[in-house]
Amino acid sequence: MRTLLKILSVAGLALIMAVSPAGAKSKKSGGDAKIKFTERSYDFGLIDENGGPVSHEFEFINEGNGNLVISDVRTQCGCTRPEYPKNPIAPGKKGKIRITFLPQGRPGSLNKTATVYTNGKPSKSQIQIKGRVAPKK
C-alpha cells in the first residue's frame, strides 16, 4: 500500500510539472522568441492640431524560434494610444503595433515613447513618434 501511494505521489507530481506554466511555455513556444522592428522611430512632421488623430504602424518580425507574445505596450501619456496583437506571433511571422497620437490641445513639439513588453528577447523594447503640432488658428 505504501509503495502504491509513493508511485501515485510521484506520478501526480510529474503530471503537475508537465502542465505547469513553465513546462507549457517551453512546449508551446518550442524555443526563444526575438522581436525585431523594421523601424524604431517615426516622424510625423507638421501635424495640424485640429486635424484629428494621427497613427503610425511599427512593423516587427519574430526572428526567434518560439512564439512571440506581446504582453503590454505602455505609452507616456493619454495622448498616445497603442494597439497590438493579442495572439502569439509564430517564428518568422510579422506583426504591427499601431501608435495613435491625439494632437488636440497639444501644440508644440511631439516626442513620445512607447515601451513594448514581450516574452522574447529583448523583453522590453521602445518605439518612438516625433513631430510638431501646429496650433489651431
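Everything below is about the structure printed above this text.
First, a word on what this report is: a plain description of the structure on this page. (Residues numbered from 1 in each chain as written. Predicted model: local features only at pLDDT ≥ 70, side-chain atom pairs only at ≥ 80, totals over all residues. Heavy atoms only, no water.)

This part is about the environment of Tyr117. Along the polypeptide, Tyr117 turns up in strand 7 (residues 108-118). Since its relative accessible area comes to 24%, Tyr117 is described here as partly exposed. Taking C-alpha positions, Tyr117 is 8.6 Å from Val69, a pair spaced 48 residues apart along the chain. (Helix = DSSP H or I, 4+ residues; strand = E, 2+ residues; numbered from the N terminus. Buried < 20%, exposed > 50% of the residue type's maximum accessible area, 1.4 Å probe, protein only.)

Attention now goes to the environment of Phe101. Among the secondary structure elements, Phe101 is positioned in strand 6 (residues 94-101). Exposure remark for Phe101: the relative accessible area of 2% places this residue in the buried category. In this structure, the C-alpha to C-alpha distance between Phe101 and Lys130, residues 29 residues apart in sequence, is 9.9 Å. Sequence-distant contacts of Phe101, defined by excluding residues within four places in its chain, comprise Ile47, Pro53, Val54, Cys79, Thr80, Arg106, Leu110, Ile129 and Val133. (Contact = heavy atoms within 4.5 Å.)

With that settled, the discussion passes to the state of the cysteines. Evaluation of the coordinates by the stated rule reveals 1 disulfide. Across the disulfide from Cys77 sits Cys79; the S-S distance is 2.3 Å. Exposure remark for Cys77: the relative accessible area of 25% places this residue in the partly exposed category. (Disulfide = S-S within 2.5 Å.)

This part covers the packing of aromatic side chains. Scanning the model with the defined rule gives 2 aromatic pairs in all. Measuring from centroid to centroid gives 5.9 Å for Phe37 and Phe60, while their planes differ by 65°, and the two rings are edge-to-face. Remark: Phe60 occurs in strand 3 (residues 54-62) and Phe37 occurs in strand 1 (residues 35-37); sequence separation between them is 23 residues. Taking relative accessible area as the criterion, Phe37 reaches 7% and is therefore assigned buried. Geometrically, the ring pair formed by Tyr42 and Phe44 is edge-to-face, given 5.0 Å between the ring centres and 85° between the ring planes. Since its relative accessible area comes to 28%, Tyr42 is described here as partly exposed. (Phe/Tyr/Trp six-rings, centres within 6.5 Å; stacked < 30°, edge-to-face > 60°.)

With omega at -10°, the peptide bond leading from Lys121 into Pro122 counts as cis. With respect to the helices, strands and loops of the structure, Pro122 is situated in the loop between strand 7 and strand 8 (124-134).

With antiparallel pairing, the 4 strands of this open sheet are ordered in space as 1-3-6-5. Both edges of this open sheet fall to strand 1 and strand 5 (80-83), since each of them pairs with a single strand only. Averaged over neighbouring strand pairs, the angle between their axes works out to 30° when direction is ignored. Bridge count between strand 1 and strand 3: 3 bridges; the pairing is antiparallel. The residue of strand 3 that forms the bridge with Ile35 is Asn62. (Pairing = 2+ DSSP bridges. Axes fitted to C-alpha atoms, helices over the stretch in contact; angles between N-to-C directions.)

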